[in-house]
Amino acid sequence: METQIREPIIVCRGVNKWFGEFQALRDVSVEVMPQEVVVVIGPSGSGKSTFIRCINRLEEHQEGEIIVADVRLTHDVRNIATIRREIGMVFQQFNLFPHLTVLQNISLAPINVRNWSRDKAESKARELLARVGIPEQADKYPGQLSGGQQQRVAIARALAMEPKIMLFDEPTSALDPEMVREVLDVMKELAGSGMTMVVVTHEMGFAREVADRVLFFDQGRIVEEGTPDHFFDNPQHPRTKLFLSQIL
Amino acid sequence: MTTASDPRRSSALLDTATVVNYDEPPYKTPPALVVGPLAWVRDNLLSSPFNIALTIVSGILLIVLPISFFGWVVGQANWFVINFNLRQFMVGRYEVDAEWRVALVVLMVAFTIGALLAAFSYVSRRLPILVGIVVALCFIVPLAINTVLPLPPTYLAAGDADIVSGSSTQPPVPNLGFVARTGETVRLRIAEDLSADDPTLTTLHGFGDIGANLLRASAAGRLTNEARIVEIDALFAADLPNARILTDNQRAVLETERGRLAVTPPITESTALNTRSIRWRLLDATLEPIGSGTLAPGDPFASVTLPADGWYILEKTGAGTALLETYGIYPLIERNFTRSEVRDESGVVTQQAERYNEYLRMTDSWITRAIRPEIDGDPVPMTIIIDTQYRGDRSLNDYLRVYLAPFLEATNDALLWIVIAAVFGFGVARLADRVIPSPVKALKPRAVSQRMGIYLLVALPVLMFVFIYGIGIGGVLPITDTRRWGGLLLTIMLSMVGIIASFPLGVLLALGRRSKLPVVSAASTIYIEFVRGVPLIAVLFMAQLLVPLISPTLAEVDNVFRAMVGIILFSAAYLAENVRGGLQAIPPGQEEAAKALGLAGWQVTVFVTLPQALRLVIPALVGQFISLLKDTSLVAIVGMVDLTGIAQSTVAQTEFLGTRREVYIFITIIYFVFCYVMAAISRRLEASGSGAARRV
């Protein structure tokens, strides 16, 4: 079997971001390969959420370059739109649209952005709902679902656009411990099916099991990165060791 | 370090037993609330001294106020002003030829309401029964009243003596003109049962001319004086055990007053009321006698059957003073009409100029154009409604017969047609659901009727405007003169156009104010703040008076349209702020999620942010619409006669002077009904769709 030379699907070089005077990202440089699962961990305020929000332009970086699927992220609205179509994002607060049913939530973007027909979008939506394990909730409103179900709907909604990359911003932090498992199972299945994922999380078990690479952020910069085995069994940087000793 | 006295270390707690609950307690129904009505009263109304006081005060108010109010409604209020002006209140001076359009529009609205009820509401079984009963009553009640209850009599003063009361003097009126129809009977006799003594005379109630009223008033005045004299004498009597001690000043004042009041003989005696005979003649319009006779006190009714429609004159002469009780002679309203000459294109006169009078009889609204007769060159005095009013406290029978029955008769046809149209709409919607197939039938059984209802609702304002205003081309629906729009018609048109047009404008302004583009944001802000700083009256004045000065072409725009534009621009600013409040309340995560999905800016607004924001501010929006409906009454100040304007002009007419309360109560009820309906719709809207499923 030949190993193909694969181009990284996300490239960040020297990314710096300021919120006013405060610098949130300092010289962040990362390359993410297609089908790679990257888990980002770090203390709160370390810039990990800011980092992945910069990838789909929910935040603007002031210095450095971010290139996603060969499209450079600039102020050009068309670039941003192209990139956002290929990236799906799952939020900590779910952010489902409360005035639409679950089915409408999932099919809204494909109908209006990819111009699919309503039938095609709805059948894809039902398929995704089955994939995340809640096909019977299709006609309920988000307010009628539990937290774990809502987050799974959010994942299905992001998957409906058939993105190349999925970003997860602490997807299980707002869930009861009992529901965390069902969401993590979906994410594991997604990783197993070959999706490129960048996940910000505190779930170390998930990182150890599923991640191809772990990044440790602290105060706006990447302190250490490596495979899960290296990271959890043999951390090098004292900051990393301190962090791990506090959470494990 | 813990000590032996530390409660956490007490030995009782050290032996924590392990308890495992394998058995589950069963789910039970909640205990029945043991609350009878007495217990409810005790707990809610009489629970504390303050509560008891509140209950007593409210109880008194709740009993006393309605009783006195309904006492006024039945006994004293003049409801003829409503009955007579009903058309004005509803449509103002709208062309008579175009009235069918208003009827059609009302039926369309009723149809839509029926369809919407079927599509969106749960209609209980009791509602149609209730509606049926109400409609049936509106027909049965006037019929019953007119069959069972007689019309009140008209009391006329007769004789050659002047009648005096206080400073008013009424010289005798020998001839009195009135209108009547073929076959009606005029009956008259001397009202002996009122001439026993003064207290009985004051109980006179029925239609009466000025003379009858003066007799009653002077009797009442004399009785008041008598009572006051007795009072003053009691105060002077010093030997009574509970007499008050009077100061010299008070004594002097009372003595002056006593001196002014004189114990006069009773009116019935001093005027020798009803002691002598009256000669009477009934003349037709050509002054030919069709009946005559003499009435002595105690004689039974004399009666004459009238041979034809038109004018008649009652001639009543005799010595002294007499009070006649008559039936068949009722108050009139005179209306003057002029029609100008109408020429067609070639100058040929198609309609002559004419001037004519109409006489409308109050008790049954019969109208005649017969010419009023003259005696010796002067028009005969007639039973005009200003002079020949209902005097005295009205009995319930008279209220029902003279005011309630005619009102119900005037409105029951319209009510029936409205109910029929609503039921028809309801039936069509239900039928549509049953017959027309729909892919989502299992999930949303009323999908078809709901869609139909929405289409109707959207089309309705357009149709209303087209029909009421007309289309110029084609000659099918000629354009009506908007200067003739008035009453409820004008109020509804102004409000409807105002609400429907200001809503999108308000939303655009709200989005504009939140826009990141500085020019758009600044322009929206300036507009909103300027308009909100100016009262609606000023906006209306500017629209009416200043706009023509700016541009001559704009001066040709109808007044009504100028007012509409003013109202739209005014309301949009307030709506914009309400909507902006809603937009601000949407969590930013919504916009982020939508953007992350790839939706463009406008798509985010239209599909995600705006629907949620609008649902949030439904109470504020509908509140603004309700205000708008009532603010349209301000156009009365710029010369248009909407419902309030008609009320003002009605009260200013001589025939209806002093009927302020009745008229304003009537329009209050109308405004209340419309505003309450809007509020009820708002509550339904909030509870529908995702609102019902929303968990906070």
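Residues numbered from 1 in each chain as written. Chains lettered and ligands numbered in written order. Predicted model: local features only at pLDDT ≥ 70, side-chain atom pairs only at ≥ 80, totals over all residues. Heavy atoms only, no water.

For chain A, the count of helices and strands is 9 helices and 10 strands. For 248 residues, the compact-globule formula gives about 18 Å, and the C-alpha radius of gyration of chain A, at 18 Å, lands near that figure. Here the C-alpha coordinates of chain A stretch approximately 50 × 50 × 45 Å along the principal axes. Sequence separation of 24 or more characterises 66% of the internal contacts of chain A that already satisfy a separation of 6 or more. Counting every atom, chain A has about 11,100 Å² of accessible surface; 46% of that belongs to carbon and sulfur. For chain A, the separation between the mean place of its 28 positive charges and that of its 34 negative charges on side chains is 3 Å. (Helix = DSSP H or I, 4+ residues; strand = E, 2+ residues; numbered from the N terminus. Rg over C-alpha atoms; globule rule 2.2 N^0.38 Å. Contact = heavy atoms within 4.5 Å. Areas by Shrake-Rupley, 256 points an atom, 1.4 Å probe, with all protein chains shown as cover. Lys, Arg positive; Asp, Glu negative; His and termini not counted. Charge placed at Lys NZ, Arg CZ, Asp CG, Glu CD.)

To continue, consider the nonpolar core. Counting 59 residues, the largest nonpolar core has Y94(B), I468(B), W485(B), L494(B), M564(B) and V579(B) as its most contacted members. No other element matches the 13 residues that helix α18 (residues 559-585) of chain B contributes to this core. In this structure, I41(A), L96(A), V132(A) and F168(A) belong to the second largest nonpolar core, which totals 49 residues. (Core = buried A, V, L, I, M, F, W, Y, C linked by side-chain atoms within 4.5 Å. Buried < 20%, exposed > 50% of the residue type's maximum accessible area, 1.4 Å probe, protein only.)

Residues and elements named next belong to chain A. Taken together, 6 strands build an open sheet; the order of strands is β6-β7-β8-β3-β9-β10 and the sheet is mixed. In the strand order of this sheet, the two ends are held by β6 (87-90) and β10 (221-226), each with one partner. Across the sheet, the axes of successive neighbouring strands diverge by a mean angle of 20°, strand direction being ignored. The pairing of strand β9 (residues 213-218) with β10 spans 5 bridges and is classified as antiparallel. Considered in β10, the bridge of L215 is made with E225. Running over the sheet, helix α2 (residues 77-86) touches β6 and β7 (165-169) and is turned about 65° from β6. (Pairing = 2+ DSSP bridges. Axes fitted to C-alpha atoms, helices over the stretch in contact; angles between N-to-C directions.)

By a widespread convention, an interface's size corresponds to the accessible area lost as its parts come together. All names here are of chain B. For chain B, the assigned domains read domain 1 (96-151 + 393-480), domain 2 (156-324 + 373-382) and domain 3 (483-696). A straight line from the C-alpha centre of domain 1 to that of domain 3 covers 26 Å. Contact with domain 1, which involves 10 residues of that partner, is made by 12 residues of domain 3. Roughly 850 Å² is buried in total at the junction of domain 1 and domain 3, and carbon and sulfur atoms are behind 79% of that figure. Sorting the residues of domain 1 by area buried against domain 3 places F465, I468 and Y469 first, and these three jointly supply 49% of that buried surface. Where domain 1 packs against domain 3, one counts 0 salt bridges. At the junction of domain 1 with domain 3, the criterion picks out 2 residue pairs in polar contact (both at pLDDT 80 or more). Elements represented by at least two residues in the side of domain 1 that touches domain 3 include exactly α6 (99-120) and α13 (447-469). (Domains from an automatic or database assignment. Buried area = accessible area lost by both parts, 1.4 Å probe. Salt bridge = Lys/Arg side-chain N within 4 Å of Asp/Glu carboxyl O. Polar contact = N/O pair within 3.5 Å; in protein donor to acceptor, adjacent residues only side chain to side chain.)

Okay, helix α21 (residues 618-631) of chain B next. Structural remark: α-helix, 3.6 residues per turn; residues separated by three or four positions point the same way. Taking 1.5 Å as the rise per residue, α21(B) with 14 residues should run 20 Å; its terminal C-alpha atoms sit 19 Å apart, in good agreement. Of the positions making up α21(B), those classed as buried are I618(B), L621(B), V622(B), Q624(B), F625(B), I626(B), L628(B) and L629(B). (Expected span 1.5 Å × (residues − 1).)

Attention shifts here to the state of the cysteines. A complete count under the given rule lists 0 disulfides over all chains for this structure. The thiol sulfur of C12(A) is not disulfide-bonded, and the nearest other cysteine sulfur, from C54(A), lies at 8.3 Å. (Disulfide = S-S within 2.5 Å.)

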